[in-house]
Amino acid sequence: MTVSLEPATEKDAAAIAALRHAVARELTAQHGTGTWSFAGDSEGGVRADILSGGVYHARDEGAVVASLKLSPRSPWLMDLKFFTAGTRPLYLTSMAVSPRRQRQGVGRSCLAEARGIALESGHDAIRLDSYDAAAGAGEFYRKCGFREVRRDRYNGTPLLWFEWTA
């Protein structure tokens, strides 16, 4: 299923927060309690994300089915030398696809749209992390053309870091 990402507005905050909570609940039901269980943001937190810019969402039949954030600022307080030098990256965080719409091409379509947004805004790379656990989406990102660049722990959580470069 092909979807189009649109910039989120404050009116979308409740729906995006509900989506993030639904994804966290589903991951917990499938894989047990983990860091992902607490990843859902409040409506106020989503609203703050939206006001800072870079939050996008996709709708189908009026309902928010996916959301993500693209930011030029790294979300990690660490050395990033393991990424490709000389790029102008965007950092992809908070990606969520409705559990009922997963495995239908929605996530893949969102990543294709994110690449387009990056290129149109003068960026030539997208960086992201994924849980290094059964609840993680590492294999999905690999299949979507992202290259794994590191495995490590961040604040005690095992993570994989990926990047896509133009």
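Now for a description of the structure that goes with this document. Bear in mind that the values here come from a model prediction, so they are computed numbers and not experimental data.

**Some details on the sheet that holds strand β3 (residues 63-71)**
Logical step 1: Ordered in space as β1-β2-β3-β4-β5-β7-β6, the seven strands form an open sheet in which the pairing is mixed. The sheet is open, and its two edges are formed by β1 (6-7) and β6 (147-154), each paired on a single side.
Logical step 2: Contacts from helix α1 (residues 13-31) reach β2 (55-60), β3 and β4 (89-97) within the one sheet, and its direction differs from that of β3 by about 95 degrees.

**Quick notes on the pairing of strand β5 (residues 125-131)**
Logical step 1: β5 sits mainly inside the fold: five of its seven residues count as buried.
Logical step 2: Here β4 pairs with β5 via three bridges, running parallel. Note that in β5 the partner of L90 across the bridge is I126.
Logical step 3: For the crossover from β4 across helix α3 (residues 106-120) to β5, the handedness is right-handed.
Logical step 4: Both β5 and strand β7 (residues 157-165) contribute to a ladder of seven bridges, which runs antiparallel. Residue pairing in the sheet places D129 in a bridge with W161 of β7.

**Brief notes about the side chain of T157**
Logical step 1: Here T157 is to be found in strand β7.
Logical step 2: Side chain to side chain, T157 and T35 meet in a polar contact 3.4 Å long.

**Overview of the packing of α1 against helix α2 (residues 43-52)**
Packed helix pairs are characterised by how far apart their axes lie and by the angle those axes make with each other.
Logical step 1: Remark: α1 packs on α2, axes separated minimally by 8 Å, with the N-to-C direction vectors making an angle of 115 degrees. Handedness of the crossing formed by α1 with α2: right-handed. The residues of α2 that touch α1, namely those facing A13, A14, I16, A17 and R20, are E43, V46, R47, D49 and I50.
Logical step 2: A per-class count over the contact of α1 with α2 returns six nonpolar, no polar and four charged.

Analysis parameters
Residues numbered from 1 in each chain as written. Predicted model: local features only at pLDDT ≥ 70, side-chain atom pairs only at ≥ 80, totals over all residues. Heavy atoms only, no water. Pairing = 2+ DSSP bridges. Helix = DSSP H or I, 4+ residues; strand = E, 2+ residues; numbered from the N terminus. Contact = heavy atoms within 4.5 Å. Axes fitted to C-alpha atoms, helices over the stretch in contact; angles between N-to-C directions. Buried < 20%, exposed > 50% of the residue type's maximum accessible area, 1.4 Å probe, protein only. Right-handed = clockwise from strand over helix to strand, strands pointing away. Polar contact = N/O pair within 3.5 Å; in protein donor to acceptor, adjacent residues only side chain to side chain. Left-handed = near helix turned anticlockwise from the far one by under 90°. Nonpolar A, V, L, I, M, F, W, Y, C, P; charged D, E, K, R; others polar.

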